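Analysis of the macromolecular model
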Amino acid sequence: MVLESHEVAPTCLAFSPDGTALASGGLDFSVFLWDVSRLAGKRAMPARDLSAADLDACWADLGGDDAAKAHAAIVALGSAPKQAPAFLKERLDNAIERLGVKRIQQLIADLEDERFATRQKAARELEQLGNLPLAALEQVLKEKPSLEMRRRVEQLLQRLDNDNLATEQRRLGRAFEALEYVGSAEARDLLERVGAAPLPPALQAEAAASLKRMPTVAK
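No experiment lies behind these values; they were computed from the predicted model shown.

1. Observations regarding the overall build of the protein
- Along the backbone of the protein there are eleven helices and three strands.
- Taken from the N to the C terminus, the helices and strands of the protein come in the order β-β-β-α-α-α-α-α-α-α-α-α-α-α.
- Per-residue burial for the protein yields a buried fraction of 44% across its 219 residues.
- Pairs at least 24 residues apart make up 62% of the contacts formed inside the protein by residues separated by at least 6 positions.
- When the accessible area of the protein is evaluated, it comes to approximately 12,400 Å², of which 53% is carbon and sulfur surface.

2. Focus: the side chain of Arg 119
- With respect to the helices and strands, Arg 119 occurs in helix H6 (residues 116–128).
- For the buried residue Arg 119, which engages in no salt bridge, the nearest side chain bearing the opposite charge is Asp 113, 6.0 Å off.
- Once you skip the residues sitting within four places of it in the chain, Arg 119 turns out to touch Asp 110, Leu 111, Glu 112, Asp 113, Glu 114 and Arg 152.

3. Observations regarding the pattern of salt bridges
- Throughout the structure, instances matching the rule amount to 13 salt bridges.
- Between Arg 170 and Asp 65 there is a salt bridge; the shortest N-O distance is 3.2 Å. One end of the pair, Arg 170, is in helix H9 (residues 167–182); the other, Asp 65, is in the loop between helix H2 (52–62) and helix H3 (67–78), with 105 residues separating them in the sequence.
- With a relative accessible area of 18%, Arg 170 lands in the buried category.
- When salt bridges with common partners are traced through the structure, they connect Asp 56, Glu 90 and Arg 91 into a single cluster.

4. Some points on the environment of Gln 106
- Mapped onto the elements, Gln 106 comes out in helix H5 (residues 101–110).
- In the structure, Gln 106 is positioned 16 residues away from Ala 122 in sequence and 8.6 Å away in space, judged by C-alpha atoms.
- At a separation of 2.9 Å, a polar atom in the side chain of Gln 106 contacts the side chain of Asp 110.

5. Structural notes on H2
- When we look at burial in H2, the residues that qualify are Leu 55, Cys 58, Trp 59 and Leu 62. Buried residues of H2, seen end-on, are gathered within an arc of 100° and therefore sit on one face of the element.

6. Some points on the confidence of the model for the protein
- Averaged over every residue, the pLDDT of the protein is 82; residues scoring 70 or more account for 82%.
- Within the protein, no element has a lower average pLDDT than helix H1 (residues 37–40), which sits at 48, and none a higher one than H2, at 94.
- pLDDT under 50 marks residues 38–44. Its contacts with residues more than four places away, or in other chains, come to 16 contacts.

7. Quick look at the packing of H6 against helix H8 (residues 147–159)
- Closest axis-to-axis distance for the H6/H8 pair is 10 Å, and the angle between their directions is 30°. Here H6 is positioned roughly parallel relative to H8, judged by the angle of their axes. As H6 packs across H8, the resulting crossing turns out to be right-handed. Here Arg 119, Ala 123, Leu 126 and Glu 127 of H6 come into contact with H8, specifically with Arg 152, Leu 156 and Arg 159.
- Class assignment for the residues of the contact of H6 with H8 results in three nonpolar, no polar and four charged.

Procedures and definitions
Residues numbered from 1 in each chain as written. Predicted model: local features only at pLDDT ≥ 70, side-chain atom pairs only at ≥ 80, totals over all residues. Heavy atoms only, no water. Helix = DSSP H or I, 4+ residues; strand = E, 2+ residues; numbered from the N terminus. Buried < 20%, exposed > 50% of the residue type's maximum accessible area, 1.4 Å probe, protein only. Contact = heavy atoms within 4.5 Å. Areas by Shrake-Rupley, 256 points an atom, 1.4 Å probe, with all protein chains shown as cover. Lys, Arg positive; Asp, Glu negative; His and termini not counted. Salt bridge = Lys/Arg side-chain N within 4 Å of Asp/Glu carboxyl O. Polar contact = N/O pair within 3.5 Å; in protein donor to acceptor, adjacent residues only side chain to side chain. Arc of directions from axis to C-beta. pLDDT = per-residue confidence, 0-100. Axes fitted to C-alpha atoms, helices over the stretch in contact; angles between N-to-C directions. Parallel < 35°, antiparallel > 145°, perpendicular 65-115°, else oblique. Left-handed = near helix turned anticlockwise from the far one by under 90°. Nonpolar A, V, L, I, M, F, W, Y, C, P; charged D, E, K, R; others polar.

Below, the structure is given as structure tokens:
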């Protein structure tokens, strides 16, 4: 799709929650709304079957930096309502274990481990989680930790970016959108399960937002 109305190339793009509209803005101080439902809208695409390779490719694209590929993956998964929920459930279960509050708390505890290698590994893994550990790390400072622990946490917070979305967080947010596209009772159940899981607030909020946008489906 070529956005021809701007006098200069647009510098920012944003899809509507249902993926049927695109907003573009640029240095010419103009904003345009585009109907992309024929290109990516769920209603315009018939249900289809995806191969195992297709599903794996979608999962990879959901976590990538290419927004166009990620959106195409969301739509592809949304067009496979019989496959997507089961496929995403397995991966979301794994993500809950790896990105959950319990795992983050363990990594924070490891920052005080007497072994240097363990402390370094924990700091590296926490940094790779983007903004997900922020609330837990800030809580540590409120609890008056040892001077050494305070120093480590403060150094880690300086390296974290409030606006940084780690690959996994970006991937999960888009997986939630794919479940919106599916729109089935099974997809809703999965979003409700994720929203109730012991995940960082940022992920719970994304799951709740997707769930709120979904229409109620009779079971």
